[in-house]
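# Overview (structure and organization)
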Amino acid sequence: MEFEPELLIEALESDAHVQSLKAELARALSLRDAKLYGLWRAAKDPAIVAAHMGRSVTSRTVRSAVLKLAPREDFVQPQLFETVSQSPKVELAA
């Protein structure tokens, strides 16, 4: 199929523009995530961070950024296996 050369060129230029905007958006979102993560490190509460941001940033947005960027050390992980001496004392009824 033959296309008008001008129309094809315009479509290709338009697509190139869209692709560059997508890349710019990805960079901007990545930068926002890094800044949100930095705020979370200071507050340790996504709701507090979201309350100081615009309406487009919710606690969920902050949690998502933290999960993307935070190293394991930022999270407290409970022990899966406790020894008997560490477990709470439980008395069974006779």
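Bear in mind that the values here come from a model prediction, so they are computed numbers and not experimental data.

### Quick word on the side chain of aspartate 33
- Looking at where aspartate 33 falls in the secondary structure, it is placed in helix α1 (residues 5–43).
- With relative accessibility at 9%, the residue aspartate 33 sits in the buried group.
- Side-chain polar atoms of aspartate 33 contact the side chain of lysine 68, separated by 3.1 Å.
- In this structure aspartate 33 touches Ala65, Lys68 and Leu69, once residues within four positions along its chain are discounted.

### Overview of α1
- For α1, built from 39 residues, the straight-helix expectation of 57 Å at 1.5 Å per residue is met to within 8% by its first-to-last C-alpha distance of 57 Å.
- Within α1 the residues assigned to the buried category are Asp33, Leu36, Tyr37 and Trp40.
- Against the buried residues of α1 lie α2 (46–51) and α3 (59–69).
- Backbone geometry just downstream of α1 places lysine 44 in the positive-phi region, at approximately 60°.

### A word on unusual backbone geometry
- A positive phi angle, close to 60°, is found at lysine 44, a residue other than glycine.
- Secondary-structure assignment places lysine 44 in the loop between α1 and α2.

### Observations regarding the pattern of salt bridges
- Within the structure shown, the criterion is met by 1 salt bridge.
- As a salt-bridge pair, lysine 68 and aspartate 33 come within 3.1 Å of each other at their nearest N and O atoms. Of this pair, lysine 68 sits in helix α3 while aspartate 33 sits in helix α1; the two residues are 35 residues apart in sequence, bridging distant segments of the chain.
- Among the residues examined, lysine 68 registers a relative accessible area of 56% and is labelled exposed.

### A word on the packing of aromatic side chains
- Applying the stated criterion across every chain, the model contains 1 aromatic pair.
- Arranged with centres 6.2 Å apart and planes meeting at 20°, the rings of tyrosine 37 and tryptophan 40 form a pair that is stacked. Taken as a pair, tyrosine 37 and tryptophan 40 lie in helix α1 at a separation of 3 residues, close to a single helical turn. Assigned by exposure class, tyrosine 37 and tryptophan 40 land together as buried.

### Details of a negative patch on the surface
- Taken together, the side chains of Glu4, Glu6, Glu10 and Glu13 present a region of like negative charge at the surface.
- Topologically, glutamate 10 is positioned in helix α1.

Rules used in this analysis
- Residues numbered from 1 in each chain as written.
- Predicted model: local features only at pLDDT ≥ 70, side-chain atom pairs only at ≥ 80, totals over all residues.
- Heavy atoms only, no water.
- Helix = DSSP H or I, 4+ residues; strand = E, 2+ residues; numbered from the N terminus.
- Buried < 20%, exposed > 50% of the residue type's maximum accessible area, 1.4 Å probe, protein only.
- Polar contact = N/O pair within 3.5 Å; in protein donor to acceptor, adjacent residues only side chain to side chain.
- Contact = heavy atoms within 4.5 Å.
- Expected span 1.5 Å × (residues − 1).
- Salt bridge = Lys/Arg side-chain N within 4 Å of Asp/Glu carboxyl O.
- Phe/Tyr/Trp six-rings, centres within 6.5 Å; stacked < 30°, edge-to-face > 60°.
- Patch = residues over 30% accessible without salt bridge, like charges linked within 9 Å, V, L, I, M, F, W, Y side chains within 5 Å.
- Areas by Shrake-Rupley, 256 points an atom, 1.4 Å probe, with all protein chains shown as cover.
- Lys, Arg positive; Asp, Glu negative; His and termini not counted.
- Charge placed at Lys NZ, Arg CZ, Asp CG, Glu CD.

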